[in-house]
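Coordinate analysis (summary)
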Amino acid sequence: MKKGILTVLTAVFASLAAVADEGMWLPSLIGERIKDMRSKGFRLTAEDIYSVNKASMKDAVVLFGRGCTGEIVSAEGLLLTNHHCGYGAIQSHSTLDHDYLTYGFWARSRDEELPNERLTVRILVRMEDVTDRIAAGADKLKLIQAARAEGPGYDASVEEMYYGNQSFLFVYQEFSDVRLVGAPPSSIGKFGGDTDNWIWPRHTGDFSVFRIYAGRDNNPAAYSPDNVPYRPRRHFAISTRGVKEGDFTMIYGFPGSTQQYILSDAVDYVQNLSDPMKIDLRTRRLDIISAAQEADPKVRIQYAAKHAGIANAWKKWQGEVAGLKRMNTLAAKRDYERRFAEWAADKPEYAGLLDSMRAAYARGREPYFHQELLSESIRSLELYPLVRHGVLSSSWRRGEDDAIAEQRRIKRAAFLKDYDPAVDRALVKSALRGFADYCPEGFSAEAQAEIDRHGGMDAYADYVFDHTRMLLPQEEIERLDSAAVVSDPIYRFVVLFDGKRAPEYYRRNLSNISDIERWYRPYLRALRAFDPDRAFFPDANLTLRVAYGTVAGYEYADGEYHTPQTTLDGIIAKDNPEIYDYDIPQRLRDLYASKEYGRWGVEIDGRRTVPVCFLASNQTTGGNSGSPVLNGRGELIGINFDRTWRSTMSDIAFDPTICRNIAVDIRYVLFVIDKVGGAGYLIDEMEVR
Ligand code: ARG
Ligand code: ASP
């Protein structure tokens, strides 16, 4: 009896805790969550998180580039983000003589900070619920234009929440002079590489350092040597007191995309059709690339970034399928929908809703699958850039001005530097076969005729590569006339196999896809009435959000608990000069040997070490990379960069017992800057407590 009550109570508390960790909340509405946050250890107020009138934390968070987050950590615009977010910038400054990717980079003075042509950051000025104004007839475009005119460098957008049930105006200030200040060597910033990607225990020092520059008036300005460091309204102080299991954590950043409210039909599609197809096709591609990489060190380098890009989502989808199955999301959603349907049965507005949605899914499933299949097979091929760079730099475009032609030559050369025709030939064969395997209707009649004419898919691919002129040296390709280009087998391939030439039934049904979306607006409205106790939050859409939770390990497998903190000792244990992903810089080995950890060393279980990464239970997704991880006082304790592999179904269904985000501990960041980079002067401008 007594035990019965206890079990019930535990279950109640567990489910309360569960609700608490889930969510990506809108900062302007965070007041609704603040009681719960404070009960978990948050010490500040809603106004500290977001305020339009006074400086608040939001002023120290930036959208970094187009899909990452960063945080300002000094009064002079110093910015932290991930190494994998700064990768493009670091790479673009790297040459054989100055290989910053391999050896790292540290600006020794402000003069040495490196400008980046296409890198911008955005800071949120304010957000505003404009649902009523739009309902009353306000024009979205006018709202945006008015907001743009409010201040220097201002940009704005109207974003829909809950499938358009609510609209918010987001006003940003955008800075375009963002300079690279420092980056660790890849053997620290990318330590563990693809092997450890999405994995815990993790030991990656995934950070890089930038600085925002502004005009003398502190407003955004295009790059100029006269620009000065930006003086932010607010920057984060840093805490080196460390974290322990159960401590409050909060993530403030720009999560990209989630689908929390999709129907079971959509889960079924993802779990049983889409993800398995994408995983299978990527397995085939990765097998081809890996084999070529093992056979030839040149290919290993050429295809390193491509391999990483393909493998990242590939691994994530595997975790997603496993997680959805383990959570039984499909059955849970079906049950939820059954109860919803019962509730809706006597409400004329909603009674037919689920049936309409189901019908829309039934119609949209095949064309949508086709679209995904096409992009994972034919459209993933590098024949597209090959044609683009080849054709456009050829002389049939003569007449364009020299500077543009030169740009095209440079682009083509850069593309070919990392391109191996033999690998691509194998990938083309694999893509054709993959497409055919998953598309019973097969290729369009024209495309099939072309394949047949050459004696099958493999023979056709061989013909294409044996006869193309798109791989000729630059001087020769520039002499081709337009007739030679349009009859080139690669050019013909692209034209024949592109989606526009897809079978008729596919084109006819493509419009059904958008049909599904419009049903979600009334569905979400209905859900809120049906399930009033549920804490609804809008799906991620690359707008600023707050997530909160605690530092937490988790039960990885029966009897196997993963604790939430890793240390330098774990790096040393993985260190292996023979394994590319685990070969650390000699400097790190020396520091470990001499135990010169300075103020960044700590005592853990009686040994002196440096903390490296930690786990927490905040709901995050792609785009949260680089986000500040904050403690209850709003001080920076880490930089978010990943989730565990088994968490990745959280984009669809969040499981508080399993879902964990991974952060690099701020003490490791400071240790690397100071002791490995010898750039301690950067720490002097931070507020380290
Ligand atoms: N999995 C993380 C994310 O989705 C990190 C990716 C970069 N790291 C890598 N080894 N590929 O972005
Ligand atoms: N690694 C992801 C990013 O780059 C974060 C995640 O998916 O957890 O944004």
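Structural notes, computed from the coordinates. (Residues numbered from 1 in each chain as written. Chains lettered and ligands numbered in written order. Predicted model: local features only at pLDDT ≥ 70, side-chain atom pairs only at ≥ 80, totals over all residues. Heavy atoms only, no water.)

If you walk through the whole model with that rule in mind, you get 29 aromatic pairs. The interplanar angle of 15 degrees and the centroid separation of 5.9 Å between the aromatic rings of Tyr-460 and Phe-493 together place this pair among those described as stacked. Of the two residues, Tyr-460 is situated in helix α19 (residues 457-467) and Phe-493 in helix α22 (residues 489-497); the sequence distance between them amounts to 33 residues. Exposure class is identical for Tyr-460 and Phe-493. Each is buried. Their ring planes at 75 degrees and their centres at 6.4 Å tell us that Tyr-554 and Tyr-556 sit as a pair that is edge-to-face. Residue classification places Tyr-554 among the buried positions, given a relative accessible area of 2%. The positively charged end of Arg-33 is found above the aromatic ring belonging to Trp-25, 4.1 Å away from the centroid. (Phe/Tyr/Trp six-rings, centres within 6.5 Å; stacked < 30°, edge-to-face > 60°. Helix = DSSP H or I, 4+ residues; strand = E, 2+ residues; numbered from the N terminus. Buried < 20%, exposed > 50% of the residue type's maximum accessible area, 1.4 Å probe, protein only. Lys NZ or Arg CZ within 6 Å of the ring centre and 35° of its normal.)

Empty space left among the atoms is revealed by rolling a probe the size of a water molecule over them. Approximately 990 Å³ is the volume found for the second largest pocket. Breaking the lining of the second largest pocket down by element, the ones donating at least two residues are β7 (154-161), α10 (264-295), α12 (304-327), α14 (353-376) and α24 (512-530). If you tally residues by element for the lining of the second largest pocket, the top one is α10, at 6 residues. A per-class count over the lining of the second largest pocket returns 18 nonpolar, 8 polar and 11 charged. (1 Å grid on protein atoms, 1.4 Å probe; cavity = no way out; pocket = protein on both sides within 12 Å on 5 of 7 lines; lining within 4 Å. Points joined across faces, edges and corners; volume = space filled by probe spheres on them. Nonpolar A, V, L, I, M, F, W, Y, C, P; charged D, E, K, R; others polar.)

This next bit is on a positive patch on the surface. There is a patch of like positive charges on the surface, built from Arg-66, Arg-118, Arg-388 and Lys-411. Structurally, Lys-411 is set in helix α16 (residues 402-417). (Patch = residues over 30% accessible without salt bridge, like charges linked within 9 Å, V, L, I, M, F, W, Y side chains within 5 Å. Areas by Shrake-Rupley, 256 points an atom, 1.4 Å probe, with all protein chains shown as cover. Salt bridge = Lys/Arg side-chain N within 4 Å of Asp/Glu carboxyl O. Lys, Arg positive; Asp, Glu negative; His and termini not counted. Charge placed at Lys NZ, Arg CZ, Asp CG, Glu CD.)

Now for the state of the cysteines. Where two cysteines share a covalent bond between their sulfur atoms, that bond is called a disulfide. Going through the model one piece at a time under the given rule, you end up with 1 disulfide. Shown here is the disulfide that connects Cys-68 with Cys-85, its sulfur atoms set 2.1 Å apart. Between Cys-68 and Cys-85, the S-S dihedral sits near -75 degrees, and the bridge is therefore left-handed. Taken together, the positions of Cys-68 in strand β2 (residues 68-72) and Cys-85 in helix α4 (residues 83-92) put the pair 17 residues apart, joining distant regions of the chain. Here the two residues Cys-68 and Cys-85 agree in accessibility, since each one is buried. Distance from the sulfur of Cys-659, which forms no disulfide, to the nearest cysteine sulfur (Cys-613) is 19 Å. (Disulfide = S-S within 2.5 Å.)

This part takes up the site of ligand 1. The immediate surroundings of ligand 1 are formed by His-84, Gly-193, Asp-194, Asn-197, Trp-198, Asn-312, Phe-641 and Asp-642. Interatomic distance of 3.5 Å between a side-chain N/O atom of Asp-194 and a nitrogen atom of ligand 1. One nitrogen or oxygen atom from the side chain of Asp-642 is found 2.9 Å from a nitrogen atom belonging to ligand 1. Taking 340 Å² as the accessible area of ligand 1 by itself, protein coverage stands at 82%. For the shell around ligand 1, the class distribution of residues is 2 nonpolar, 4 polar and 2 charged. (Near = heavy atom within 4 Å. Polar contact = N/O pair within 3.5 Å; in protein donor to acceptor, adjacent residues only side chain to side chain.)

Further remarks concern the pairing of β2. With 5 of its 5 residues buried, β2 lies for the most part within the structure. Both faces of β2 are covered, namely the face carrying Cys-68, Gly-70 and Ile-72 and the face carrying Thr-69 and Glu-71. Of the pairings in the sheet, the one linking strand β1 (residues 61-64) to β2 comprises 4 bridges and is antiparallel in character. Counterpart to Phe-64 in the pairing with β2 is Cys-68. The turn linking β1 back onto β2 is made up of 3 residues, and Gly-65 within it adopts a positive phi angle of 60 degrees. Joining the antiparallel neighbours β2 and strand β3 (residues 78-81) is a turn of 5 residues, in which Gly-77 adopts a positive phi near 75 degrees. (Pairing = 2+ DSSP bridges.)

In this model, α14 (24 residues) spans 33 Å end to end at C-alpha, consistent with the 34 Å of a helix rising 1.5 Å per residue. The axis of α14 is deflected most strongly, by about 40 degrees, at Gly-364, and proline Pro-367 appears within four residues downstream. (Expected span 1.5 Å × (residues − 1). Bend = angle between axes of the 7 residues up to and from the residue.)

What follows deals with the site of ligand 2. The immediate surroundings of ligand 2 are formed by His-84, Trp-198, Thr-621, Gly-622, Gly-623, Asn-624, Ser-625, Phe-641, Asp-642 and Arg-643. Contacts to ligand 2 include Gly-623, whose backbone N or O atom sits 2.7 Å from an oxygen atom. Within the contact set of ligand 2, an oxygen atom lies 2.3 Å away from a side-chain nitrogen or oxygen of Ser-625. Bound to the protein, ligand 2 loses 87% of the 270 Å² it would expose on its own.

The full count for this structure, using the stated rule, is 52 salt bridges. As a salt-bridge pair, Lys-574 and Asp-196 come within 2.7 Å of each other at their nearest N and O atoms. Of this pair, Lys-574 sits in helix α25 (residues 568-574) while Asp-196 is found in helix α9 (residues 193-196), placing the two residues 378 residues apart along the sequence. Note that Arg-667 is salt-bridged to Asp-665, the shortest N-O span being 2.9 Å. Classification of Asp-665 as buried rests on a relative accessible area of 2%. Residues participating in the shared-partner salt-bridge network are Glu-76, Arg-110, Glu-113, Arg-211 and Glu-685.

What follows deals with the environment of Leu-527. Structurally, Leu-527 can be placed in helix α24. Ignoring any residue separated from it by four or fewer positions in sequence, one finds Leu-527 in contact with Tyr-261, Tyr-336, Phe-340, Arg-534 and Phe-536. (Contact = heavy atoms within 4.5 Å.)

Quick look at unusual backbone geometry now. Note the cis peptide between Trp-200 and Pro-201, where omega equals 0 degrees. The residue Pro-201 is located in the loop between α9 and β10 (208-214) in this model. One non-glycine residue, Tyr-163, lies in positive phi territory at about 55 degrees. Positionally, Tyr-163 belongs in the loop between β7 and β8 (166-175). Phi angles above zero are rare outside glycine, and Leu-542 is one such case at about 60 degrees. Topologically, Leu-542 is positioned in the loop between α24 and β13 (545-550). Taking relative accessible area as the criterion, Leu-542 reaches 28% and is therefore assigned partly exposed.

Here we take up the sheet that holds strand β16 (residues 565-567). Strand order across the open sheet formed by 7 strands is β13-β12-β20-β21-β22-β19-β16, with antiparallel pairing between neighbours. Edge positions in the sheet fall to β13 and β16, since each has one partner strand and no second. The mean angle between the axes of side-by-side strands here comes to 30 degrees, regardless of whether they run parallel or antiparallel. Bridge count between strand β21 (residues 636-643) and strand β22 (residues 661-665): 5 bridges; the pairing is antiparallel. In the strand pairing of β22, Gly-638 is matched with Asp-665. (Axes fitted to C-alpha atoms, helices over the stretch in contact; angles between N-to-C directions.)

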